[in-house]
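Topology and contacts: notes
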Amino acid sequence: MPDKRNKFYKFILYSFPVFLLFILVFTGFELSIIYHDLIISFNFVYILIFFWVLKKPEIIGFGLIFLSGIINDVILNFPIGLSSISYLILCVMASLLRNRTLTPNLLYDWIYFFLSILIVNSINYILQTLIFSSDMNYESLMFNTICTSLVYPIFAKIFNRIYIYNLKEENAESARQ
């Protein structure tokens, strides 16, 4: 019985990013803090996708990311495919960084994450304003980009602990066999 419980625990821990991604997408979660008249918000889905595609892309596949983007568009009433395009561009940027770096470094990841979400949000803004003619506040979008990039190291440290624990479990499992 403990073996089944242990396998279930490993499955939950290994699938944590996928579960978290779909929970965030289905709820339309975007953390916002209102302090006086200042609204501080960040896009947690961008952080989740960038980190896990950067560290272990086989956990969250591009198909699941595309599907989560479609679900996000339906729930948040965006034009269908807009979030998927944004998420996949972020995936491409993270994959490019993963293929270019030899040793992971949080500072380089952080700077590259900022540049990536800057590009993604700019493309998102261009698509929404030029093609779909929707009103967007560019200042709030840029402020959201800055806040998201400032919060990235905190969640990267948390996700890195989960990643390292999963790596230890995989190495222990392969050593037993």
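Preceding this paragraph is the structure being described.
Below: a short report on this structure. This one's a predicted model, so the numbers in the text were calculated from it and none came from an experiment. (Residues numbered from 1 in each chain as written. Predicted model: local features only at pLDDT ≥ 70, side-chain atom pairs only at ≥ 80, totals over all residues. Heavy atoms only, no water.)

1. As for the overall build of the protein chain
Stated precisely, the cut-off is as follows: Every helix listed is a DSSP run of H or I at least four residues long, and every strand listed is a run of E at least two residues long, numbered separately from the N terminus. We take the radius of gyration over the C-alpha atoms and set the globule estimate at 2.2 Å times the residue count to the 0.38 power. Each residue's exposure class comes from its accessible area (1.4 Å probe, protein chains only) as a fraction of the maximum for that residue type: buried when under 20%, exposed when over 50%, partly exposed otherwise. Throughout, a residue-residue contact means that at least one pair of heavy atoms, one from each residue, lies within 4.5 Å. Note on areas: Shrake-Rupley with a 1.4 Å probe; residue coverage comes only from the protein chains shown.
For the protein chain, the count of helices and strands is seven helices and two strands. Reading the secondary structure of the protein chain in the N-to-C direction produces α-α-β-β-α-α-α-α-α. Here the protein chain has a C-alpha radius of gyration of 17 Å; the compact-globule value for 177 residues is 16 Å, and the two agree. Taken along the three principal axes of its C-alpha coordinates, the protein chain extends 60 × 35 × 35 Å. In the protein chain, which comprises 177 residues, the share counted as buried stands at 40%. Long-range pairs, those at least 24 residues apart, make up 74% of the contacts in the protein chain with a sequence separation of at least 6. On the protein chain, roughly 10600 Å² of surface is accessible, and the fraction owed to carbon and sulfur atoms is 67%.

2. A few points about the environment of L76
Assignment of secondary structure puts L76 in helix α4 (residues 62-76). The spacing of L76 and P153 is 77 residues in sequence and 27 Å in space, taken between C-alpha atoms.

3. Some words on unusual backbone geometry
Even without being a glycine, N77 presents a positive backbone phi close to 60°. Tracing the sequence through the fold places N77 in the loop between α4 and α5 (82-100). Here the phi dihedral of S133 falls at roughly 50°; this positive angle occurs in a residue that is not glycine. S133 sits in the exposed class, given a relative accessible area of 58%.

4. Observations regarding a nonpolar patch on the surface
Basically, it comes down to this: The patches described consist of residues with a relative accessible area above 30% and no salt bridge, like charges being joined within 9 Å and nonpolar side chains (Val, Leu, Ile, Met, Phe, Trp, Tyr) within 5 Å. The term salt bridge refers to a pairing of a side-chain nitrogen on Lys or Arg with a carboxyl oxygen on Asp or Glu at a separation within 4 Å.
Residues F26, V74, I75, L76, F78 and I80 make up a contiguous nonpolar surface patch of about 550 Å² in total accessible area. Take the nonpolar patch: its biggest share by element is three residues, from α4.

5. Points about the side chain of T148
Mapped onto the elements of the fold, T148 is located in helix α7 (residues 138-176). Those residues in contact with T148, other than ones at most four positions away along the chain, are S41, F42, N43, I47, F113 and I117.

6. Thoughts on the nonpolar core
Grouped burial of nonpolar side chains is what soluble globular proteins tend to show. How we decide: Nonpolar cores are built from buried Ala, Val, Leu, Ile, Met, Phe, Trp, Tyr and Cys residues. Side-chain atoms within 4.5 Å join them into one set.
In this structure, I49, F50, W52 and F159 are the most contacted members of the largest nonpolar core, which totals 41 residues. Those elements giving two or more residues to this core turn out to be α2 (16-27), α3 (44-55), α4, α5, α6 (106-131) and α7. Apart from residues no more than four positions distant in its own chain, F159 is found in contact with F16, L20, F44, I47, L48, F51 and W52.

7. Quick word on α4
As a reminder of what qualifies: A helix is expected to span 1.5 Å for every residue after the first.
With 15 residues, α4 extends 21 Å from end C-alpha to end C-alpha; this agrees with the ideal 21 Å at 1.5 Å per step. Lining the buried residues of α4 we find α2, α3 and α5. Phi turns positive, to about 60°, at N77, one or two residues after α4.

8. Structural notes on the packing of α5 against α6
For the record, the criterion: Only the stretch in contact is used when a helix axis is fitted, and all axes are lines through C-alpha atoms; the angle between N-to-C directions ranges over 0 to 180 degrees. In what follows, roughly perpendicular refers to angles from 65 to 115 degrees, roughly parallel to angles under 35, roughly antiparallel to angles over 145, and oblique to any angle outside these ranges. Note on convention: near helix rotated counterclockwise from far helix by under a right angle means a left-handed crossing. Clockwise means right-handed. Each residue gets one label: Ala, Val, Leu, Ile, Met, Phe, Trp, Tyr, Cys and Pro are nonpolar, Asp, Glu, Lys and Arg are charged, and the others, such as Gly, are polar.
Running from N to C, α5 and α6 cross one another at 155°; their axes reach a closest spacing of 10 Å. Put simply, α5 runs roughly antiparallel to α6. α5 and α6 meet at a crossing whose hand is right-handed. On α6, the residues that touch L82, S86, I89, L90, M93, L96 and L97 of α5 are D109, Y112, S116, I117, I119, V120, I123, N124, L127 and Q128. For the contact of α5 with α6, the per-class residue count stands at 12 nonpolar, four polar and one charged.

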